[in-house]
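Summary of structural features
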Amino acid sequence: MAAPVSVHLEFGGGAELLFDGVKEHHVTLPSQPEPWGMRQLLVWIQRNLLKERPELFVQGDSVRPGILVLINDADWELMGELDYQLQDQDNVVFISTLHGG
Amino acid sequence: MTTFVFCSYILNYYFYYCGYFVTVIFLLVRFSRLTAMDNEMCSLKRQLEEKEKEIAALRSKLAARVEKASELKIQDKVTTLNPLTAKPSLSNEDIMRYSRQLLLPDLGVQGQLKLSQTSVLVVGCGGLGCPLAQYLAAAGIGRLGLLDYDEVELSNLHRQVLHGEENQGQAKALSAARSVIRLNSGVECIPYHLQLSPENALQLVQQYDIVADCSDNVPTRYLVNDACVLSGKPLVSASALRMEGQLTVYNYHGGPCYRCLYPVPPPPETVTNCSDGGVLGVVPGIMGCLQALEVLKIASGQGTACGQQLLLFDAQNARFRSIRLRPKQPSCVVCGEIPSVTRLVDYEAFCGSAATDKCRKLNLLSKDQRITVQDYKSIRDSTGPHILLDVRPLVEVEICSLPSSLNIPLSSLEEKKSKDIQLLQEKISQVKQQMAGDQQAPVYVVCKLGNDSQKAVQLLEKMSGEEVDGITVKDISGGLMAWAKMIDPSFPRY
């Protein structure tokens, strides 16, 4: 069994509007047989935080195009994307890209 | 007696001579005053002559500036530009004008000369492009290409600070160029009143050293990126919405391009523009200034740290955050190892949206599910019982609304918020009581432009028989802005 993991989730660039306008969420992911990865985190967010219109946040098993994921202030592409294994106290940010000028 | 005669004789002479002396002294004083006045006159004349020379110099400068401003020829197509001529050294005026930045060891004379030999293409003269162009011109950039297809509107002025009230209706590119010339007549300005397209973008981008993306829509961002990659130009890109901003430099010294980060465009329905989402003017102002900073550093040879970095600005929490980005992607379709995009493509088709920030017109409903504002005007005039359901967010309802409308935001309908559904049910039964027999209660849904109202009609039809019952739902085509335009000119527009 993997121990529970506490992570700090942030939503920005308008992605927070899918979460009642709340930008910061401190969550504890419960203990489970498998270690917590980004793939499982997205499912957890969808089930526990995202109340409406999931298509505006996820597409397939990843985030929808136009949302950038940052793990501890680095592009998740540098960290293994969906396969990254979450560590306790990790900071995960979901930023919707802005296009206005 | 003799003494008396003698004294009066002396006194007589005394007074005679006194009078004489007084006159002489008086004349002397007068003469010296005249000489002083003469001297003063001479000095004033000299001063006058100097001032006249100064005025003449200023006049000729002003004339040159007016001539330069009137020389501004608006370009409706891309033409070939002469290369910028290299300045061998700074003039005395340059030295005085740029003295405070010349003192910076980071810039110095060499940096200043490089600025004067750099050309920058500004794509979009809006909330980002205005402050960017302003600071580039003030700093002494050599040439500014100012591109925008749009005209100045009143709702632009809170953030697009190069345009004034008197510029409404003018081409933004020209209005911005005139302001820039007023600030620094030494900068060469080329206003382009045209839409950047796959046909003209390459020819244009190739003629500039650095490109700044200040555009407001997704297709243009991909177009500018591809044009920069194909012509090997650094792209300083910023964006802003609501209370947030983002900044990155793409295609710089082997760094990633826009497509490396965003290989697939976002679904059009997830993209919010400034006219929908709103923006606090100072936010693009700050981002445009940051963009100017990066352009100046690249142009003067200092380089940028934003080549593989995303700068996020959260105005609400007054917080900046730097994110380390992925490197250039070998699989990138435009800058990767085996690129498949080797010429510009159709970006509106690629993104599924138009290359403007104007609102899209949705067509979700059939003709019999919609009424015109004229139809709704006659319904209002006939005072027939009905519900006018305004589905805009509360913040917009506070700006303006039609009397006796019921406000339930689209998001509340989507969530089926019980409080709001109950409110609607109560209103339906009230209307039904006013109607004869077992007729259905008419519900007319309105929003700002007639897009959300269509979504609401679809939602209410789905809810029919469950959450709500006994209604016929239609939307008012064109929304409140059509009402303001066709029915009531005194109704506010926003």
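Just so we're clear, the structure is a prediction, and the values are computed from it rather than from any experiment. (Residues numbered from 1 in each chain as written. Chains lettered and ligands numbered in written order. Predicted model: local features only at pLDDT ≥ 70, side-chain atom pairs only at ≥ 80, totals over all residues. Heavy atoms only, no water.)

For the rest of this paragraph, the subject is the overall build of chain A. Of regular secondary structure, chain A possesses one helix and seven strands. The order of α-helices and β-strands along chain A, N terminus first, is β-β-α-β-β-β-β-β. In terms of overall dimensions, chain A is globule-like: its C-alpha atoms have a radius of gyration of 13 Å, near the 13 Å expected for 101 residues. Expressed along its principal axes, the backbone C-alpha trace of chain A runs to roughly 45 × 30 × 25 Å. (Helix = DSSP H or I, 4+ residues; strand = E, 2+ residues; numbered from the N terminus. Rg over C-alpha atoms; globule rule 2.2 N^0.38 Å.)

Quick look at the sheet that holds strand 12 (residues 441–446) of chain B now. Strands in a sheet are paired, the pairing made by backbone hydrogen bonds, and the direction either parallel or antiparallel. Residue and element names in this part refer to chain B. Pairing is parallel in the open sheet, where five strands are placed in the order 9-13-12-10-11. Looking at which strands have only one partner, the edges of the open sheet turn out to be strand 9 (370–371) and strand 11 (406–407). Both strand 10 (residues 387–390) and strand 12 contribute to a ladder of four bridges, which runs parallel. Within strand 12, the position partnered with I387 by the bridge is V443. Packing against the sheet, helix 17 (residues 452–463) makes contact with strand 9, strand 10, strand 12 and strand 13 (471–476), and its axis sits at approximately 170° to strand 13. (Pairing = 2+ DSSP bridges. Contact = heavy atoms within 4.5 Å. Axes fitted to C-alpha atoms, helices over the stretch in contact; angles between N-to-C directions.)

Let us now look at the UniProt feature "binding site: Zn(2+)" (unreviewed entry) in chain B. All names here are of chain B. The residues that UniProt annotates with the feature "binding site: Zn(2+)" (unreviewed entry) are C257, C260, C332 and C335. On the basis of their most widely separated C-alpha atoms, the annotated residues across 79 residues gather in one place, lying no more than 8.5 Å apart. With respect to the element layout, C257 can be found in the loop between strand 6 (244–250) and helix 9 (258–261). Contact partners of C257, with chain neighbours within four places excluded, come to N225, V229, Y250, N251, C332, V334 and C335. For C332, a relative accessible area of 4% translates into the label buried. When residues no more than four places from it in sequence are discounted, the contact partners of C332 are C257, R259, C260 and P339. (UniProt positions renumbered as here; feature names shortened; annotations may be inferred. Buried < 20%, exposed > 50% of the residue type's maximum accessible area, 1.4 Å probe, protein only.)

Moving on, we get to the nonpolar core. Residue and element names in this part refer to chain B. Counting 45 residues, the largest nonpolar core has L136, I141, L144 and L146 as its most contacted members. Considering every element that reaches this core, the biggest residue donor is helix 11 (residues 282–299), with eight residues. In this structure, I141 is in contact with L115, S116, T118, V120, L136, V187, L296 and A299, ignoring residues within four places of it in sequence. (Core = buried A, V, L, I, M, F, W, Y, C linked by side-chain atoms within 4.5 Å.)

Let us now look at the pattern of salt bridges. For the coordinates displayed, the defined rule picks out 20 salt bridges over all chains. Two residues, R53 of chain A and E414 of chain B, come together in a salt bridge whose shortest N-O distance is 3.7 Å. Taken as a pair, R53 of chain A in the loop between helix 1 (38–48) and strand 3 (58–59) and E414 of chain B in helix 15 (residues 410–415) lie in two separate chains rather than in one. Put simply, E10 and D73 of chain A together with R319 and R321 of chain B are held in one network by salt bridges that share partners. (Salt bridge = Lys/Arg side-chain N within 4 Å of Asp/Glu carboxyl O.)

Those residues carrying the UniProt feature "modified residue: 1-thioglycine" (unreviewed entry) are G101 of chain A in this numbering. When neighbours within four sequence positions are excluded, G101 of chain A is seen to be in contact with G126, G127, L128, C214, S215, D216, A240 and C274 of chain B.

Here we take up a negative patch on the surface. Taken together, the side chains of E49, E50, E52 and E54 of chain B make up a negatively charged region of the molecular surface. As for its placement among the helices and strands, E54 of chain B is situated in helix 1 (residues 2–71). (Patch = residues over 30% accessible without salt bridge, like charges linked within 9 Å, V, L, I, M, F, W, Y side chains within 5 Å. Areas by Shrake-Rupley, 256 points an atom, 1.4 Å probe, with all protein chains shown as cover. Lys, Arg positive; Asp, Glu negative; His and termini not counted. Charge placed at Lys NZ, Arg CZ, Asp CG, Glu CD.)

Moving on, we come to the UniProt feature "domain: Rhodanese" (unreviewed entry) in chain B. Annotation from UniProt places "domain: Rhodanese" (unreviewed entry) at residues 382–492 of chain B. Along residues 382–492 of chain B, the helical share is 43% and the strand share 16%, with 24 Å between the first and last C-alpha atoms.

Another aspect to go through is the packing of aromatic side chains. What the rule picks out here adds up to 12 aromatic pairs over all chains. Here F11 of chain A and F94 of chain A contribute two aromatic rings whose centre-to-centre distance is 5.3 Å and whose plane-to-plane angle is 15°, an arrangement assigned as stacked. A residue pair is termed long-range when its members are at least 10 positions apart, and F11 of chain A in strand 1 (residues 5–12) and F94 of chain A in strand 7 (residues 90–96) qualify at 83 residues. Through a chain of ring-to-ring contacts, the aromatic side chains of Y222, Y250, Y258, Y262 and F350 of chain B assemble into a single cluster. The ring of F350 of chain B carries the charged tip of R259 of chain B above its face, separated from the ring centre by 4.7 Å. (Phe/Tyr/Trp six-rings, centres within 6.5 Å; stacked < 30°, edge-to-face > 60°. Lys NZ or Arg CZ within 6 Å of the ring centre and 35° of its normal.)

To continue, consider the interface of chain B and chain A. Accessible area lost upon the coming together of the parts is a frequently used measure of interface size. At the interface, 42 residues of chain B touch 32 residues of chain A. For the chain B and chain A pair, buried surface summed over both sides reaches about 2900 Å², with 53% attributable to carbon and sulfur atoms. Linking chain B to chain A there are 15 residue pairs in polar contact (both at pLDDT 80 or more). Mapped onto the side of chain B that touches chain A, the elements with two or more residues apiece are helix 8 (218–231), strand 5 (235–241), strand 6, helix 9, strand 7 (309–314), strand 8 (319–324) and helix 15 of chain B. The leading source of residues in the side of chain B that touches chain A is strand 8 of chain B, at five residues. Looking at side-chain class alone, the side of chain B that touches chain A contains 19 nonpolar, 11 polar and 12 charged residues. (Buried area = accessible area lost by both parts, 1.4 Å probe. Polar contact = N/O pair within 3.5 Å; in protein donor to acceptor, adjacent residues only side chain to side chain. Nonpolar A, V, L, I, M, F, W, Y, C, P; charged D, E, K, R; others polar.)

Further remarks concern helix 18 (residues 479–487) of chain B. By the burial criterion, the buried members of helix 18 of chain B are G479, L480, M481, A482, W483 and A484 of chain B. Of the surrounding elements, those touching the buried residues of helix 18 of chain B are helix 13 (373–381), strand 10, strand 12 and strand 13 of chain B.

Turning next to the environment of G126 of chain B. Residue placement: G126 of chain B occurs in the loop between strand 1 (119–123) and helix 5 (129–139). On the basis of relative accessible area, G126 of chain B is assigned to the buried category, the value being 6%. Separated by 36 residues in sequence, G126 of chain B and L162 of chain B place their C-alpha atoms 8.7 Å apart. Not counting the four nearest positions on each side in its chain, G126 of chain B is found in contact with G101 of chain A together with P131, D148 and Q160 of chain B.

Residue and element names in this part refer to chain B. Counted at 1.5 Å a residue, the expected span for helix 16 (residues 418–434) with its 17 residues is 24 Å, and the 25 Å between its end C-alpha atoms agrees. All buried positions along helix 16 are accounted for by D420, I421, L424, I428 and V431. Seen end-on, helix 16 carries its buried residues on one side only, within an arc spanning 100°. Structural note: helix 16 exposes S418, K419 and Q433 on the side pointing more than 90 degrees away from its buried face. (Expected span 1.5 Å × (residues − 1). Arc of directions from axis to C-beta.)

Summarising the element assignment, L261 of chain B is placed in helix 9. By relative accessible area, L261 of chain B is classed as buried at 4%.

In this section: a nonpolar patch on the surface. All names here are of chain B. On the surface, Y20, F21, V24, I25, L28 and V29 cluster together into a nonpolar patch covering about 580 Å² of accessible area. When you line up the elements, I25 lands in helix 1. Under the relative-accessibility criterion, I25 is labelled exposed at 51%.

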